[in-house]
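Listed below, chain by chain, are the residues.
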Amino acid sequence: MAYYNGNDKEAQAYQTQQLVAKILSYAFLVFVTFISLFPIVLLIINSTRSGSQLQSGFSLLPGGSFGKNLSAALNATSIDLPHGLFNSFIIAACVCIITTYFSAMTAYGVHVYDFRLKKIVFNFILLIMMIPTQVSAVGFIKLVYGWKLTNNFLPLIIPAVASPAVFFYMKQYLESSFPIDVVEAARVDGSNEFATFNTIALPMMKPAMAVQLIFSFVASWNNFFTPALILTSADKQTLPIMISKLKSMQLSGNSDLGQIYMVILISIIPVVIVYFFISKNIVEGIALGAVKG
């Protein structure tokens, strides 16, 4: 007569449930990965197809016009693609460095120091974060034209010093993973406040800074609204402005659709390179910054 063991049956049922849950989780991750990568794969495929092939309809098969589209993009008379890449990179690199550094410094000051208006300052910065850029754009553009700073990168770089969204993220990260005792110990050892921030706080904030570096770089790299209002000279224009110019020419029949896809493909390469350089810190930074300890 067989001996019935209820615990073994429950254990097997639990293991089966765990296996099913794991399979569903992996299936969901594969689906999300496919959805995320499909537009990039489609962009690469379209960059290899000619304009007539693209107008004929959707296809997952690559074409044979990659070299032709690349040559057309690099030698386009309506835009200067290498110059646009250089302009966009200079602006985006300066913006992401300035934004991350000064937002980290502001968050460090609000987190570490106790002063009378601390809560008011914090709430005021959050209030500014809720104001869309377009609301203040008219006054900002008027100021830029009044100071004769058109066709200049400074109006696109200097305002990056004040970034409420980056400040808020840095503040949450500090509250979750930065002990005040470290600062007090540095003061006892004779370190001044500026040196403490640069040599102790910044290295500890490296994961959060890596996240904001890539986010700030991508936001500045893709920014079209403000540069389009300030940069009117052809030699100062950034990639989004050039892509918009190509698209408008394509609508009038003066540009090749394959050329446009190639320019878009080239435009995302610097973003991918920057991501790979700092990707190892992004997951850690998001995990620690999103959860307050």
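Since we're looking at a predicted model, the values are computed, not measured. (Residues numbered from 1 in each chain as written. Predicted model: local features only at pLDDT ≥ 70, side-chain atom pairs only at ≥ 80, totals over all residues. Heavy atoms only, no water.)

Caption draft 1: The arrangement of the overall build of the protein in detail. Along the backbone of the protein there are 15 helices and 0 strands. The C-alpha radius of gyration of the protein comes to 25 Å, more than 25% above the 19 Å expected for a compact globule of 293 residues. Its C-alpha atoms put the protein at 80 × 75 × 35 Å along the principal axes. Counting over 293 residues, the protein shows a buried share of 36%. Sequence-distant contacts, at least 24 apart, represent 74% of the contacts inside the protein between residues at least 6 apart. (Helix = DSSP H or I, 4+ residues; strand = E, 2+ residues; numbered from the N terminus. Rg over C-alpha atoms; globule rule 2.2 N^0.38 Å. Buried < 20%, exposed > 50% of the residue type's maximum accessible area, 1.4 Å probe, protein only. Contact = heavy atoms within 4.5 Å.)

Caption draft 2: Molecular detail of the packing of aromatic side chains. Under the definition given, this model contains 11 aromatic pairs. Ring centres 6.1 Å apart and planes at 70° place the aromatic pair F89 and F217 in the edge-to-face group. Placement of F89 in helix 4 (residues 81-112) and of F217 in helix 11 (residues 206-221) is noted, with a sequence separation of 128 residues between them. Note on F89: relative accessible area 41%, which makes it partly exposed. Through a chain of ring-to-ring contacts, the aromatic side chains of Y101, F102, Y108, Y113, F178 and F197 assemble into a single cluster. Its guanidinium or amino end placed over the ring of F122, K171 lies 5.2 Å from that ring's centre, counting from NZ or CZ. Against the face of F153 rests K236, its NZ or CZ located 5.2 Å from the ring centre. (Phe/Tyr/Trp six-rings, centres within 6.5 Å; stacked < 30°, edge-to-face > 60°. Lys NZ or Arg CZ within 6 Å of the ring centre and 35° of its normal.)

Caption draft 3: How the structure looks around the pattern of salt bridges. Applying the stated rule across the entire model yields 3 salt bridges. Salt-bridge contacts for D114 lead to K118; the nearest nitrogen and oxygen are separated by 3.3 Å. Looking at D114, the relative accessible area reads 72%, which means it is exposed. Note that E193 is salt-bridged to R187, the shortest N-O span being 3.0 Å. Assessed through its relative accessible area of 32%, E193 is described here as partly exposed. (Salt bridge = Lys/Arg side-chain N within 4 Å of Asp/Glu carboxyl O.)

Caption draft 4: View of the packing of helix 8 (residues 164-177) against helix 11. Running from N to C, helix 8 and helix 11 cross one another at 165°; their axes reach a closest spacing of 10 Å. On the basis of their axis angle, the class for helix 8 and helix 11 is roughly antiparallel. For helix 8 against helix 11, the interelement crossing comes out right-handed. On helix 11, the residues that touch V166, Y169, M170 and Y173 of helix 8 are P207, A208, M209, V211, Q212 and S216. (Axes fitted to C-alpha atoms, helices over the stretch in contact; angles between N-to-C directions. Parallel < 35°, antiparallel > 145°, perpendicular 65-115°, else oblique. Left-handed = near helix turned anticlockwise from the far one by under 90°.)

Caption draft 5: Representation of unusual backbone geometry. Backbone geometry places K148, a non-glycine residue, at a positive phi of 55°. Among the structural elements, K148 can be located in the loop between helix 6 (133-146) and helix 7 (154-157). The class for K148 is exposed, based on a relative accessible area of 71%. The backbone of N151 sits at a positive phi, close to 55°, despite the residue not being glycine. Along the chain, N151 falls in the loop between helix 6 and helix 7.

Caption draft 6: Region of the structure containing the side chain of T238. Here T238 shows up in the loop between helix 12 (225-230) and helix 13 (239-251). What makes T238 buried here is its relative accessible area of 4%. Beyond its immediate chain neighbours, meaning those up to four positions away, T238 contacts G84, N87, S88, I91, N223, P227 and L231.

Caption draft 7: The state of the cysteines, seen in detail. In this structure the tally under the stated criterion is 0 disulfides. Not engaged in a disulfide, the cysteine C94 finds its nearest cysteine sulfur in C96; these two sulfurs lie 8.2 Å apart. Residue classification places C96 among the buried positions, given a relative accessible area of 8%. (Disulfide = S-S within 2.5 Å.)

Caption draft 8: The arrangement of helix 5 (residues 118-129) in detail. Taking 1.5 Å as the rise per residue, helix 5 with 12 residues should run 16 Å; its terminal C-alpha atoms sit 17 Å apart, in good agreement. Every buried residue of helix 5 is listed here: K118, F122, I125 and L126. The arc enclosing the buried residues of helix 5, seen along the axis, measures out at 100°, which places them on a common side. Turning to helix 5, the residues buried within the fold contact helix 4 and helix 8. (Expected span 1.5 Å × (residues − 1). Arc of directions from axis to C-beta.)

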